[in-house]
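Coordinate analysis (summary)
One-letter residues, chain by chain:
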Protein chains: 2
Amino acid sequence: MVVELISVGTEILLGNIVNTNAAYLAEQCAGLGLSCYYQSVVGDNAERLQGTLQMALERSDIVILGGGLGPTQDDLTKEVTAKVLGLKLVEDGHSRERIKEYMETRGLDVTENNWKQALAPEGAIIIDNENGTAPGMIIEKDGKHVILLPGPPGEMRPMFEKSIFPYLSELQPGVIYSKTVKVCGVGESIAETMIKDMIAAQSNPTIATYAKTGEVHLRVTAKAESEKEARKLVKPVVKELKGRFGNSIYTTDTEVTLEKSVVDLLTANGLTVSTAESCTGGLLSARLINVPGASEVFKAGYVSYSNKTKRKLFGVKRNSLEKYGAVSEVVAKEMAKGAAILSKADVVVSVTGIAGPDGGSEEKPVGLVYIGCQVRGESVVKEYHFKGNRNKIREASVSAALGLMRECILQYCSNVMFAE
Amino acid sequence: MVVELISVGTEILLGNIVNTNAAYLAEQCAGLGLSCYYQSVVGDNAERLQGTLQMALERSDIVILGGGLGPTQDDLTKEVTAKVLGLKLVEDGHSRERIKEYMETRGLDVTENNWKQALAPEGAIIIDNENGTAPGMIIEKDGKHVILLPGPPGEMRPMFEKSIFPYLSELQPGVIYSKTVKVCGVGESIAETMIKDMIAAQSNPTIATYAKTGEVHLRVTAKAESEKEARKLVKPVVKELKGRFGNSIYTTDTEVTLEKSVVDLLTANGLTVSTAESCTGGLLSARLINVPGASEVFKAGYVSYSNKTKRKLFGVKRNSLEKYGAVSEVVAKEMAKGAAILSKADVVVSVTGIAGPDGGSEEKPVGLVYIGCQVRGESVVKEYHFKGNRNKIREASVSAALGLMRECILQYCSNVMFAE
């Protein structure tokens, strides 16, 4: 089946936001085996939206519209869709209740325009929005499927995963099965080179690589008549990838993130963790704590940005700061040591670096980061050079810190096993 | 004049890459005062590209095509454009020379398909590519302007800045000027209701609202013959907005984020800050530290996730935890107090809440968050109810914490002024 994506929003036409929704939806649809030949963007304009939707319905089986479901006068997606499909807009009582509840629990007044969000083309399947007030909708007419989704990614993605993905899966005959092999600490082009022969020879399953900050995901996708058959096609390819990437693979489970794999490792080995951050400013602790169940292993997080706090909080020596500077191997080590004493955690990670845009020098350029990891007294410090803007450097540092933790914990566990 | 963007590339349709080029070009065109009503994406398919380009030429004055200028058989943009415009493809001697030179200086062999990149529709204005082998092109025909740009952002952007921007500036008379009024602590639909009459009456300048987590941005845009005139049109509208939103406006500077406005307030008043986080896990400190210059005011960040650490780190009373629970007004207050004693900061913010998905109860549902703010001994704790997934609740908490800090610091400063 052929799917087409229409993004509705003047803010995209004005370049105020990057259309990440289209990329997300396109990737999901491709994963489902749906063909996508066109994506388009139109503004909050009834006539132009109408023309675009009509054309999409002529050439595609499924049309996914994102955005324009808000409470304001600008938001026209439902109105135009109803018109194009020749359906009336009627109030959905259930949605009205949900909107009321949503606003009330937040202590907000329901304004008149909020009720607009409870309207739907008659006969539409209503999809509850668990993260906002605009419900999603599926409308089936004359063999076509029109899907309306809210614009904010934090509302659209959970809704797509929970309700739209299963709906589309049923429309598309045959089964698509994917397994993602997640690798950390290996660059994308190196990873691609390592599997160049496999990619050249691929047909079914296919292998696609996706670069994430500090990670590469290798997705193996097979199409078959049953899930069992598809799994059978995927299995030997995943095995081959495991042979090639070995310990760099942290999971083959879609749900498991790098931080979850670290928290799982800590839990499994009865270890606790603390963080000592400078340039990452709390992003590392935030990623660890975002893992449900992290409270069992997470002792404390400390953020020290100034030299003074590094001395007072972690007991970093004045001499070390003066001789080597705050961004140095020695200070990274002392930060980890100090945080270990403070919190009595088994594993402590420290991050100190220059995220830019200022503060770099020829000797210590922007992007230079030291990450220390101490596991029960044994410590390792590594030097990294990251490229990109402030945010990118901070994120790359967090991913590298998680990768280093994983490495050090695995090393510690294998030493312990060996000693036993 | 009306501009339309067409992105050519199967990798965008598959969701393998995010279409950042479209956002960049859209923003540049908007800045030039060009109207953009449509953006579209088509794959590397001659027939579909032809249809898309023909339609774009019917409804727009300027069509910018990005991608599909590479050396492979898949790359069809030039071929299709020449066909649609009824022009022959001819070899451009200058481009041929440049390609040869580019490849030679990099020690690369020129393969037969590289010469394809020297072809251009006859009469095209050739734009040198200083970062790759595919030249850009401008083709003028029957009052329409077709611009072909290479796909890689590192080639496209410098080419656009150097050659296309000046070309478009000459096509488009007049100037666009915008000012953004940023509001925190007011929901989008309430904000819209507050300025409904202004939006209804708008023509030039226009007012557009953009919702961010915990914030609303109101952008006022005017078009005039000179920047001076455009500014003059914008000024009274911004003044009116200031009157309506008062203290909820934290800035009218595009570059200033909520966290920067807080750091600026701290700096201006000689105050230092520390954070005591539970459910946000370091996200609040990370946002503050992301402001260049935050090191001057940021003393320390503490993350305590477990009750035990709350007691040990902040001296939260065992009795308070048992009687009221970790997510309570009392504990938020004690966390702030403890962090203030530990770090000796003037301003301390604490966050404790239930980010979910687990841990909620009827009495204390997921999304319940207490935020405390202590300014030189005086403390305030507020209760919030956020909806959404774990990430959304955490982000909303951080924005609310920044908003509360701003409020408390402003209050403190006005009290001090009053006392003086």
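Refer to the structure printed above.
Residues numbered from 1 in each chain as written. Chains lettered and ligands numbered in written order. Predicted model: local features only at pLDDT ≥ 70, side-chain atom pairs only at ≥ 80, totals over all residues. Heavy atoms only, no water.

**Quick look at the layout of surface pockets**
Residue and element names in this part refer to chain A. The criterion, for reference: The way it works is a 1 Å grid over only the protein atoms, where trapped points that fit a 1.4 Å probe form a cavity and open points with protein on both sides within 12 Å along at least five of seven lines form a pocket, and then any residue with an atom within 4 Å of a point lines it. Grid points are joined across faces, edges and corners, and a volume is the space filled by probe spheres set on the points. What counts as a helix is a DSSP run of H or I of at least four residues, what counts as a strand is a run of E of at least two, and both are numbered from the N terminus. Note on residue categories: nonpolar means Ala, Val, Leu, Ile, Met, Phe, Trp, Tyr, Cys or Pro, charged means Asp, Glu, Lys or Arg, and polar means any other residue, Gly included.
A volume near 610 Å³ is recorded for the second largest pocket. Surrounding the second largest pocket, 23 residues form its lining, G185, G214, Y384, F386 and A400 being those nearest its centre. Secondary-structure elements contributing two or more residues to the lining of the second largest pocket are strand 17 (378–385) and helix 15 (390–419). Top element by residues in the lining of the second largest pocket is helix 15. It accounts for nine residues. Partitioned by chemical class, the residues of the lining of the second largest pocket number eight nonpolar, nine polar and six charged.

**Considerations on the interface of chain B and chain A**
Threshold: Contact definition: two residues touch when any of their heavy atoms are within 4.5 Å. As a working definition, buried area equals the accessible area (1.4 Å probe) given up by two parts on being put together, with both sides summed. By salt bridge we mean one thing: a side-chain nitrogen of Lys or Arg within 4 Å of a carboxyl oxygen of Asp or Glu. We treat two strands as partners when DSSP finds at least two bridges between them.
Taken together, the contact pairs 65 residues of chain B with 70 residues of chain A. Taking both partners together, chain B and chain A bury about 5,500 Å²; carbon and sulfur atoms supply 55% of that area. The tally of links from chain B across to chain A stands at two salt bridges. Across the salt bridge formed by E155(A) and K392(B), the nearest N and O atoms sit 3.6 Å from each other. Sort the elements by how many residues they give to the side of chain B that touches chain A and strand 2 (residues 35–42) of chain B lands first, with seven residues. Split into classes, the residues belonging to the side of chain B that touches chain A amount to 31 nonpolar, 24 polar and 10 charged. Pairing of strand 2 (residues 35–42) of chain A with strand 2 of chain B involves five bridges; the strand directions are antiparallel. Its bridge partner being in strand 2 of chain B, Y38(A) is matched across the sheet by V42(B).

**Overview of the pattern of salt bridges**
Oppositely charged side chains can pair when the atoms bearing their charge come close. Residue and element names in this part refer to chain A. We count it as follows: Burial classes follow relative accessibility: with a 1.4 Å probe on protein chains only, a residue under 20% of its type's maximum area counts as buried, one over 50% as exposed, and anything between as partly exposed.
Applying the stated criterion to the full structure yields 31 salt bridges over all chains. In this structure, R231 and E227 form a salt bridge, with 2.9 Å as the shortest nitrogen-oxygen distance. Taken together, the residues R231 and E227, both in helix 9 (residues 227–245) and four residues apart, mark about one turn of the helix. For E227, a relative accessible area of 39% corresponds to the partly exposed category. One network of salt bridges, with partners in common, ties together D197, E240 and R244.

**Topic: empty space enclosed by the protein**
For the structure shown, the criterion picks out two cavities of 30 Å³ or more. The computed volume of the largest cavity comes to approximately 150 Å³. Breaking the lining of the largest cavity down by element, the ones donating at least two residues are strand 1 (2–8), helix 2 (20–31) and strand 2 of chain A together with helix 2 (20–31) and strand 2 of chain B. Reported here for the second largest cavity is a volume of approximately 110 Å³. Lining the second largest cavity are 15 residues, with S40(A), M55(A), R59(A), S40(B) and M55(B) positioned closest to its centre. Listing elements by their share of the lining of the second largest cavity, those giving two or more residues are strand 2 and helix 3 (46–59) of chain A together with strand 2 and helix 3 (46–59) of chain B. Per-element tally for the lining of the second largest cavity: the top contributor is strand 2 of chain B, with five residues. Grouping the constituent residues of the lining of the second largest cavity by class yields six nonpolar, six polar and three charged.

Everything listed here is a matter of coordinates, which is why it stays silent on function.
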